[in-house]
Amino acid sequence: MIFGRSERGKPPVEPVTLKILVAGGFGVGKTTLVGAVSEIKPLRTEELLTEAGRPVDDTSGVEGKHTTTVAMDFGRITLREDLVLYLFGTPGQDRFWFLWDELATGSLGAVVLADTRRLEDCFAAVDYFERRSIPFVVGVNCFEDAARYPADTVRRALDLDPDVPVVLCDARDRESVKEVLIGVVQHAMTSASDRRQALTT
């Protein structure tokens, strides 16, 4: 199956398109994740970090980072011939959070990327999705120089509800990222089913 076309002799499949957000702190790997899995050249809105931004951009732990997303990253992945995900990476710094509401409109769910060296940087994203009842999965991006912790340890540190999935991943690896995105879709479907049942009982 080529996107938008079907095999010869078969009727065209109109795929269901779903919107997924990729959020988290500054330098956690959101742009890398979108780029690793996108089947199209990802749209990026990156700008160079400047001296003027140093007082507001905390680069502790990510001293090698020289660019930052100022609006969003965008990518697309076809999971099945009838299921396409549109990925929207959010900007990580506080001063760009006003964009989040616009990006979150119509989203099925989200990935909150976490870095165990700076776990507190993802608190704001977790709080954002919890307050708006948007299903999310926490993906712990396993940086090479970061300590490894079991998923349950990360769950307790972030004070997550028991039903929020926590998965270890490598934002550079396509197959690893695909598993995270599949987890978001499954979790969102389960959450929607639970809400429907709650309304009928």
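In short, a report on the structure. (Residues numbered from 1 in each chain as written. Predicted model: local features only at pLDDT ≥ 70, side-chain atom pairs only at ≥ 80, totals over all residues. Heavy atoms only, no water.)

A closer look at the pattern of salt bridges
Alright, step 1. Inspection of every chain in the model, using the stated rule, returns 12 salt bridges.
Alright, step 2. The partner of Arg132 in a salt bridge is Asp101, with the nearest N and O atoms 3.6 Å apart. In this pair, Arg132 is assigned in the loop between α3 (123-131) and β6 (136-141) and Asp101 in helix α2 (residues 100-104), connecting sequence segments 31 residues apart.
Alright, step 3. Owing to a relative accessible area of 40%, Arg132 belongs among the partly exposed residues under this scheme. (Salt bridge = Lys/Arg side-chain N within 4 Å of Asp/Glu carboxyl O. Helix = DSSP H or I, 4+ residues; strand = E, 2+ residues; numbered from the N terminus. Buried < 20%, exposed > 50% of the residue type's maximum accessible area, 1.4 Å probe, protein only.)

Observations concerning unusual backbone geometry
Alright, step 1. The phi torsion at Ser133 lies on the positive side, around 55°, for a residue other than glycine.
Alright, step 2. Here Ser133 lies in the loop between α3 and β6.
Alright, step 3. The phi dihedral of Asp159 is positive, around 55°, even though this residue is not glycine.
Alright, step 4. Relative to the elements of secondary structure, Asp159 occurs in the loop between α4 (151-158) and β7 (166-169).

Points about the packing of aromatic side chains
Alright, step 1. Within the structure shown, the criterion is met by six aromatic pairs.
Alright, step 2. Centre to centre, the rings of Trp100 and Tyr128 are 5.2 Å apart; their planes meet at 80°, and the pair counts as edge-to-face. Of this pair, Trp100 sits in helix α2 while Tyr128 sits in helix α3, placing them 28 residues apart in sequence.
Alright, step 3. Judged by relative accessible area, Trp100 falls into the buried class, the value being 3%.
Alright, step 4. Residue classification places Tyr128 among the buried residues on the basis of a relative accessible area of 9%.
Alright, step 5. Geometrically, the ring pair formed by Trp100 and Phe129 is stacked, given 6.2 Å between the ring centres and 20° between the ring planes. On the criterion of sequence distance, the pair formed by Trp100 in helix α2 and Phe129 in helix α3 is long-range, its members being 29 residues apart.
Alright, step 6. A residue is classified by how much of its surface remains accessible, and Phe129, at 0% relative accessible area, is buried. (Phe/Tyr/Trp six-rings, centres within 6.5 Å; stacked < 30°, edge-to-face > 60°.)

Here we look at empty space enclosed by the protein
Alright, step 1. Inspection of every chain in the model, using the stated rule, returns one cavity of 30 Å³ or more.
Alright, step 2. Its volume calculated, the largest cavity comes out at about 30 Å³.
Alright, step 3. What lines the largest cavity is simply Thr116, Val140, Asn141, Cys142, Ala146, Ala147, Arg148 and Tyr149.
Alright, step 4. Class assignment of the residues belonging to the lining of the largest cavity gives a composition of five nonpolar, two polar and one charged. (1 Å grid on protein atoms, 1.4 Å probe; cavity = no way out; pocket = protein on both sides within 12 Å on 5 of 7 lines; lining within 4 Å. Points joined across faces, edges and corners; volume = space filled by probe spheres on them. Nonpolar A, V, L, I, M, F, W, Y, C, P; charged D, E, K, R; others polar.)

As for α3
Along an α-helix, a turn takes 3.6 residues, which lines up residues three or four apart on a common side.
Alright, step 1. Among all positions of α3, only Ala125, Val126, Tyr128 and Phe129 are buried. One face of α3 carries all of its buried residues, which in axial projection span an arc of 160°.
Alright, step 2. As for α3, its buried residues are in contact with β1 (16-24), α2, β5 (109-114) and β6.
Alright, step 3. Positive backbone phi, approximately 55°, marks Ser133, located one or two places after α3. (Arc of directions from axis to C-beta. Contact = heavy atoms within 4.5 Å.)

Details of the nonpolar core
Alright, step 1. If you look at the biggest cluster of nonpolar residues, it comprises 25 residues, and the most contacted ones within it are Leu21, Val112, Phe129, Phe136, Val138, Leu158 and Leu160.
Alright, step 2. At the level of elements, β1, α2, β5, α3, β6 and α4 are the ones that each hand at least two residues to this core.
Alright, step 3. No other element matches α3, which puts four residues into this core.
Alright, step 4. Core analysis: the second largest hydrophobic core is formed by 21 residues, Leu33, Leu113, Leu181 and Val185 among them. (Core = buried A, V, L, I, M, F, W, Y, C linked by side-chain atoms within 4.5 Å.)

Let's talk about the side chain of Asn141
Alright, step 1. With respect to the helices and strands, Asn141 occurs in strand β6.
Alright, step 2. Asn141 gets classed as buried once you look at its relative accessible area, which sits at 7%.
Alright, step 3. Leaving out residues up to four positions away in the same chain, Asn141 has contacts with Val28, Gly29, Leu113, Ala114, Cys169, Asp170 and Ala171.

Some words on the pairing of β6
Alright, step 1. For β6, a buried count of six out of six residues is recorded, marking the element as mostly surrounded by other parts of the structure.
Alright, step 2. Of the two faces of β6, the one carrying Phe136, Val138 and Val140 and the one carrying Val137, Gly139 and Asn141 are both buried.
Alright, step 3. Looking at chain direction, β5 and β6 are connected through five bridges and run parallel. Looking at the pairing, Ala110 lines up with Phe136 of β6. (Pairing = 2+ DSSP bridges.)

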